[in-house]
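Close look at the chain arrangement
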Amino acid sequence: MPLDRRSRPLRALRLSVTDRCNLRCQYCMPESKYDWVPRSELLTFEELSRVVDRFIALGVRKVRLTGGEPLLRADLPALVKTLAGKALEELALTTNGVLLRSLAKPLFDAGLRQLTVSLDTLSRTTFVHLARRDELHRVLDGLDAARTAGFSRLKLDTVLLRGVNDHEVDALVDFAAQLGAELRFIEYMDVGGATRWDRDQVVTRAELLSRLASSRGSPHALPSRGSAPAERFALPGGQIVGIVASTTQPFCGACDRARVSADGQLFTCLYATESTDLRTVLRSGADDAAVEATLERVWNRRVDRGAEARAELLRRGPLADAEQLKVMPQLEMHRRGG
Ligand code: SAM
Ligand code: SF4
Ligand code: SF4
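Quick look at the structure, then.

1. Quick notes on the sheet that holds strand E3 (residues 90-95)
The 12 strands lie next to each other as E7-E8-E9-E6-E5-E4-E3-E2-E1-E10-E11-E12, forming an open sheet whose pairing is mixed. Every other strand in the sheet has two partners, leaving strand E7 (220-221) and strand E12 (276-277) as the edge strands with one partner each. In terms of strand pairing, strand E8 (residues 231-234) meets strand E9 (residues 240-244) through 4 bridges, oriented antiparallel. Residue Arg-232 lies in a different strand from E9, and its bridge partner there is Gly-242. Where helix H6 (residues 169-179) meets the sheet, it contacts strand E5 (155-159), strand E6 (182-186) and E9, and its direction lies at approximately 150° from that of E6.

2. Considerations on the pattern of salt bridges
Applying the stated criterion across every chain yields a total of 29 salt bridges. Residue Glu-47 pairs with Arg-283 through a salt bridge whose shortest N-O separation is 2.7 Å. Of this pair, Glu-47 sits in helix H1 (residues 45-57) while Arg-283 sits in helix H8 (residues 278-283); the two residues are 236 residues apart in sequence, bridging distant segments of the chain. Take Arg-283: its relative accessible area is 40%, and that puts it in the partly exposed class. We note a salt bridge from Arg-335 to Asp-263, for which the minimum N-O separation is 3.3 Å. Of the two residues, Arg-335 is situated in helix H12 (residues 333-336) and Asp-263 in the loop between strand E10 (257-260) and strand E11 (265-267); the sequence distance between them amounts to 72 residues. This pair shows no difference in class: Arg-335 is buried, exactly as Asp-263 is. Through salt bridges with shared partners, a single network forms among Arg-50, Arg-54, Asp-288 and Glu-292.

Rules behind the numbers
- Once a new chain begins, its residue numbering starts again from 1 and follows that chain's sequence as written.
- To read the labels, note that chains go from A and ligands from 1, taken in the order they are written.
- Only residues with pLDDT of at least 70 get local features here, since the model is predicted, and only at 80 or more are side-chain atom pairs given and counted; chain-wide, interface and lining totals rely on the full set of residues.
- Only hydrogens and water are removed before side-chain values are computed, so all heavy atoms of the structure are retained for them.
- Whether two strands pair depends on DSSP finding at least two bridges between them.
- Think of it this way: any DSSP run of H or I at least four residues long counts as a helix, any run of E at least two long counts as a strand, and we number them from the N terminus.
- Should any heavy atoms of two residues lie within 4.5 Å, those residues are counted as being in contact.
- Here, axes are lines fitted to C-alpha atoms. For helices the fit covers the stretch in contact, and angles between N-to-C directions go from 0 to 180 degrees.
- Each reported salt bridge corresponds to a side-chain nitrogen of Lys or Arg within 4 Å of a carboxyl oxygen of Asp or Glu.
- Whether a residue is buried, partly exposed or exposed follows from its accessible area with a 1.4 Å probe, protein chains only, as a fraction of its type maximum: under 20%, in between, or over 50%, in that order.

Encoded structure:
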């Protein structure tokens, strides 16, 4: 298994299957217009499957499909079926849930068992404000469909923005408990795409823990998370809540994740400005050994600790502004896969 320059193994892959999205979350896609990657530049299912095989050969055991909105990729269950047959310990998918009503069962039947749905609010008005589309009813209906389809280990991911949805912490904890899902709060990150990021809008891990302590009683930390980004806490009522403190307490030291964007760019960090053009390697007729050698070489050179470096900045603002993102759209979170 390859190690990077900080002795971190390569164990996990976030694989983006599309850069398109049917929402426009303020913290991810706040602009009015986006240019999409041409379809001919997207990795085909055969290429995606091959990429996963080559990562598995190097020791990767966890793959998470993401986007953009992954459910927009045509025939996604067919890809899931192929990937579910591979030697992985974990095949997971992160979705905004809008299209789950029709896709939950086909995805489950294709072999997917780990599903994370992003849900920031239970209020229609707040949803429209935050995601700029009137789709909350479809997300909630999609969650219901996911339960009916058989997804018993649902996760919900919530990004809190102060003054927007942070008054809903308790309501979201209760909603997750009723659904039998594990809720994870993700700190608002200053990643590419978050052009309106503002430190004051971040509800930090520390603040969240103290708010939970006052409303529900002291959260009790559960044992070590290994390389998983979420710290897990048990609340006195029995619910488990995760916190991903990527902004105030980053965990780059344990980061074992590579990312491949929908157009086949290999990134070694969410914040990386450089990538390796895997698509060209794949389409140039390289054999499996050559593809693996590329992956291994990139990983061996890896030094990234993007979120830690951001946390050390004295003055912190958005990673990039809208003009920079037009020139470097590959920095966008929806493009490289969140
Ligand atoms: N569209 C899918 C979804 O929303 O679940 C998958 C892709 S989305 C980029 C993956 C995750 O990244 C979502 O849970 C989203 O909330 C999170 N995300 C996007 N921008 C973020 C930001 N600026 N800070 C923290 N999390 C962010
Ligand atoms: Fe929102 Fe996910 Fe779409 Fe980004 S990719 S705008 S987080 S739904
Ligand atoms: Fe990993 Fe980069 Fe995120 Fe740090 S910032 S945890 S190195 S992806």
